[in-house]
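A closer look at the structure
If you want the building blocks of each chain, they are given just below.
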Amino acid sequence: MSTRALRRLKGKQRGQEALDAVDLTLDNSPEEQLDRASVSPPSDSKGRKAKKNKAQKNFSNIYELICDADNEAEVISPDEEADKPDENKTSGTGKKDHIEKTDQKQENASTKPSGDRVKKKKKKKKTKVTTEGQEAVPEDNIDLILENLEQSSGLGLQNEDCGGSDRRSVLHVEHRNLNPETELKRYFGARAVQGDQRTRQRNRQFHRSTWMTSPKDSWPRFSRPGISMTLLQTKDGIQYFTFEHGRDYQQIQFKFLDAVESMDPNNIVALLQLNPYHIDSLLQLSDVCRIQEDQEMARDLIERAMYSFECAFHPLFSLTSSTSRLDYLRTENRAFYLALYKHMMFLEKRGCPRTALEYCKLILSLDPDSDPLCMLLLIDFLTLRSREYHSLLQLHQEWEEHRNLSQLPNFAFSTALCHFHLSQQEDVDPDESEKERQKADQLLQDALIMFPGVLIPLLDLCTMQPDASVSSHVFFGPKSQMGQPPALAELTALYVGRTHSLWREAAVMLWLEESVKEVLRRVDAKDPLVEECQNKRKQRYQSAPRNIHRHVLLSEIKEATSSLPIEVTSQPVMGFDPLPPLDSVMSYTRPERQHVGATNESTLSLFFRSLLPNFNLQGGPRQEDELEVARAGQELNQEVNRLMVAMRDMLANIRFQEPPRDDNPYRDEEEWD
């Protein structure tokens, strides 16, 4: 019988017995090994089994030796778990003493390796006592140490569960909600959404795992375009980052600006063929595709830009913790804001309002104080569409004190609509439903008194004919709309054009009708709140800030863009940087372009240049006339815009009359000759 068979009969494994000089000889007989094994002190079968598992662990897999101490402090064998309840009893203590005595005998009879095993077992017992008492944290538990450091420093990792729901801020973002497939699977099921993706997984290329977008196999091979992210400072638990452009990327950016000035999209396409992940080119070409009604290509270009950004993230930059900031004043950061906004709008049109709401919160968390894209004018609409009523009410409650959200028409009406929908839910108690309905009635009446110019345009877009007593009343009539301040008219048109679809439900219309009748009764009774709100409208809303104009331009809502002031519409608007801040921070400047001589220009180009007052055939424009030309060009743009507005009004009012019918069949055909 072989030595291995004898060890199996005795229940031993290699390395379990004590090493001796005699064991190293090659001519040992099986009888001598049996005698040597019988000399060793007897041990309990359970202890032998535990030692067997430990010996297998220490010698079967060499990679487990690295984290052996940590695993032994946490992993407990099933036999030891069965003995755990009896440890507090006297019989259990007797067993423990017997095992300790056996360990001491083996320690005296063994060499250095067996002594190490006894030390590890004692260490395991010590950690068991501390976990049972839940008083001390073992020093080897790295996960608990990292959690303590994370809580003390406030720098959370990018995981889904960043704490309890009660500790989360209103701008908390969840990674799984950034993927539109999560919402589509909820609507249509996983099999309908995934389709034949499983069959194509074998042939797909390797891409870096990202949260916001999933790279496609049809995309060009990714190579870093020269964008990086830098941590500027950390203050009060808030981290301030910025994107930076490398030297090669700056040269590509200069070529892109030249392509934009040429007014030829083919030049941008040629630039993208050489640099397929240039951000501003992707954004500008996406607008061109969207105008040409190629929505699929426009969305694909935006996703490619977002993938390029996410590959450049700093390791500490977090999408979910709402503690990472990006300054919109820096030109390098604006493209990330715009890419997120355009992607959010595509998701909303695609029928994923919950995912779009998550991106809206993400954009707002990047700079909640300045809110450069004015996401507070949009977040209520996405919240209502995704039916997250409690989150909107929580945002209004927490931010009302320092942001005065009730002074915005969208929040004044949307909070009332939230309470109304909560009162209509079936799983709510009748008393609670009645309270929500009373709260909704009060808020809607206050909103109508504060913003009376919303009602008639809202009913028009909902294709509802207002009652004669309402349309002819002074409070809701045309006079109330004409007397609105310009900024309030812009906000009102934006809200009505965006959210009129939420008011078309029959139950909502009946509720609105009841509230309008109550408001008219209060107005006729000369409620003091009516005069107070009228004074507030006169004092406030005189001029809208620049971020509201930028939001209206990005929204592309016709009712709102027509109410923009002339100083905004007179200047050119670029898709890659609409209405930039006046106090922009630029890390690098574009070099001055040299004027091309007359020999390289076509005759048509020379003709148009000759119409300018500063034309010079020998060279470029004279420097002394540049200021006058710029001023004249601005005045010309204003005049052209006024002319365009007048032409629109004229074309809108044109009514074509039918030609008179000829009732005389015997008319002479040569009468008009």
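Every value quoted in this text rests on a predicted model; they were computed, and no experiment measured them.

A few words on helix H13 (residues 279-291). With 13 residues, H13 extends 19 Å between its outermost C-alpha atoms, agreeing within 8% with the 18 Å of an ideal straight helix rising 1.5 Å per residue. Within H13, 12 of the 13 residues are buried, which leaves it mostly tucked inside the rest of the structure. Among the structural elements, strand E1 (227-235), helix H11 (247-261), helix H12 (265-274), helix H14 (295-310) and helix H15 (331-350) are those in contact with the buried residues of H13. Glu-293 sits one or two positions beyond H13 and adopts a positive phi of about 65°.

Per the counting criterion, the structure on display carries 2 cavities of 30 Å³ or more. Within this model, the second largest cavity holds a volume of roughly 60 Å³. Looking at the lining of the second largest cavity, the element that brings in the most residues is helix H24 (residues 486-499), giving 5 residues. Each residue belonging to the lining of the second largest cavity can be placed in one class, and the counts come to 4 nonpolar, 2 polar and 2 charged.

Okay, the pairing of strand E2 (residues 238-245) next. Here E2 lies mainly inside the structure; 6 of its 8 residues are buried. Note that E1 and E2 share 8 bridges and pair antiparallel. Residue pairing for E2: Met-229 is matched across the bridge by Phe-243. Once E1 ends, the chain turns through 2 residues before running back antiparallel as E2, passing Asp-236 with a positive phi of about 55°.

Attention now moves to the side chain of Arg-354. Within the element layout of this structure, Arg-354 appears in helix H16 (residues 353-366). Within polar-contact distance, the side chain of Arg-354 engages the side chain of Glu-358 at 2.5 Å. In this structure, Arg-354 is in contact with Asn-177, Glu-183, Arg-186, Ser-386 and Glu-388, ignoring residues within four places of it in sequence.

Moving on: the confidence of the model for the chain. Summing up the model confidence of the chain, the mean pLDDT is 75 and the portion of residues at 70 or higher is 61%. Predicted confidence for residues 15-139 stays below pLDDT 50, and this span has 85 contacts to residues more than four positions away or in other chains. The model gives residues 619-624 a pLDDT under 50, and that stretch makes 8 contacts with residues more than four places away or in other chains.

With that settled, the discussion passes to the pattern of salt bridges. Evaluation of the coordinates by the stated rule reveals 21 salt bridges. With its nearest N and O atoms 3.3 Å apart, the salt bridge here joins Arg-290 to Asp-287. Taken together, the residues Arg-290 and Asp-287, both in helix H13 and 3 residues apart, mark about one turn of the helix. For the pair shown, Arg-290 and Asp-287 are each scored as buried. Here Glu-513 ties to Lys-517 by a salt bridge, and the two come within 3.7 Å at their closest N and O atoms.

Core analysis: the biggest nonpolar cluster contains 123 residues, and Phe-336, Met-344, Trp-503 and Leu-512 have the highest contact counts within it. Among residues more than four places away in sequence, those in contact with Trp-503 are Phe-413, Leu-417, Leu-444, Leu-458, Cys-462, Tyr-495, Val-508, Met-509, Trp-511 and Leu-512.

Our next topic: the packing of aromatic side chains. If you walk through the whole model with that rule in mind, you get 19 aromatic pairs. Where Phe-313 meets Phe-317, the ring centres are 4.8 Å apart and the plane angle is 50°; that geometry is what we call tilted. Among the residues examined, Phe-313 registers a relative accessible area of 13% and is labelled buried. What makes Phe-317 buried here is its relative accessible area of 0%. Within the aromatic cluster, the residues linked to one another by ring pairs are Phe-241, Phe-243, Phe-309, Phe-313, Phe-317 and Phe-336. Sitting over the ring of Tyr-277, Arg-304 keeps its end group 5.9 Å from the ring centre. Sitting over the ring of Tyr-328, Arg-334 keeps its end group 5.8 Å from the ring centre.

This part is about the sheet that holds E1. Here we have 3 strands laid out as an open sheet, ordered E1-E2-E3, and mixed in their pairing. Only two strands of the sheet have a single neighbouring strand rather than two, namely E1 and strand E3 (324-326). Strand-to-strand twist across the sheet, computed as the mean angle between neighbouring axes with direction ignored, equals 35°. As judged from the 3 bridges shared by E2 and E3, these two strands associate in the parallel manner. The partner of Tyr-240 across the bridge, within E3, is Arg-325.

Right, let's talk about unusual backbone geometry for a bit. We note that Cys-374 has phi near 55°; this positive angle belongs to a residue other than glycine. When you line up the elements, Cys-374 lands in the loop between H16 and helix H17 (379-385). Among the residues examined, Cys-374 registers a relative accessible area of 8% and is labelled buried. One non-glycine residue with positive phi stands out, namely Thr-463, at about 55°. Along the polypeptide, Thr-463 turns up in the loop between helix H21 (455-461) and helix H22 (468-471).

Here the focus is the side chain of Arg-290. Only 2.8 Å separates the side chain of Arg-290 from the side chain of Glu-556, close enough to count as a polar contact. Residue contacts for Arg-290: discarding those within four places in its chain leaves Gln-295, Ala-298, Phe-346 and Glu-556.

The next thing to look at is the environment of Pro-372. Turning to its location among the elements, Pro-372 is positioned in the loop between H16 and H17. On the accessibility criterion, Pro-372 (7% relative accessible area) is buried. Placed 176 residues apart in sequence, Pro-372 and Ile-548 show a C-alpha to C-alpha distance of 8.3 Å. Apart from residues lying up to four places away in sequence, Pro-372 is in contact with Tyr-328, Tyr-337, Asp-367, Asn-547 and Arg-550.

Two numbers describe a pair of packed helices, the interaxial angle and the distance between the axes. Following both chains from N to C, one finds helix H9 (residues 180-188) and H16 inclined at 155°, their axes separated by 8 Å at the closest point. In this view, H9 runs roughly antiparallel relative to H16, as classed from their interaxial angle. Considering how the two elements wind past one another, H9 and H16 form a crossing that is right-handed. Of H16, the residues touching H9 (which contributes Pro-180, Glu-183, Arg-186 and Tyr-187) are Pro-353, Arg-354 and Thr-355.

The rules behind these values
- Residues numbered from 1 in each chain as written.
- Predicted model: local features only at pLDDT ≥ 70, side-chain atom pairs only at ≥ 80, totals over all residues.
- Heavy atoms only, no water.
- Helix = DSSP H or I, 4+ residues; strand = E, 2+ residues; numbered from the N terminus.
- Expected span 1.5 Å × (residues − 1).
- Buried < 20%, exposed > 50% of the residue type's maximum accessible area, 1.4 Å probe, protein only.
- Contact = heavy atoms within 4.5 Å.
- 1 Å grid on protein atoms, 1.4 Å probe; cavity = no way out; pocket = protein on both sides within 12 Å on 5 of 7 lines; lining within 4 Å.
- Points joined across faces, edges and corners; volume = space filled by probe spheres on them.
- Nonpolar A, V, L, I, M, F, W, Y, C, P; charged D, E, K, R; others polar.
- Pairing = 2+ DSSP bridges.
- Polar contact = N/O pair within 3.5 Å; in protein donor to acceptor, adjacent residues only side chain to side chain.
- pLDDT = per-residue confidence, 0-100.
- Salt bridge = Lys/Arg side-chain N within 4 Å of Asp/Glu carboxyl O.
- Core = buried A, V, L, I, M, F, W, Y, C linked by side-chain atoms within 4.5 Å.
- Phe/Tyr/Trp six-rings, centres within 6.5 Å; stacked < 30°, edge-to-face > 60°.
- Lys NZ or Arg CZ within 6 Å of the ring centre and 35° of its normal.
- Axes fitted to C-alpha atoms, helices over the stretch in contact; angles between N-to-C directions.
- Parallel < 35°, antiparallel > 145°, perpendicular 65-115°, else oblique.
- Left-handed = near helix turned anticlockwise from the far one by under 90°.

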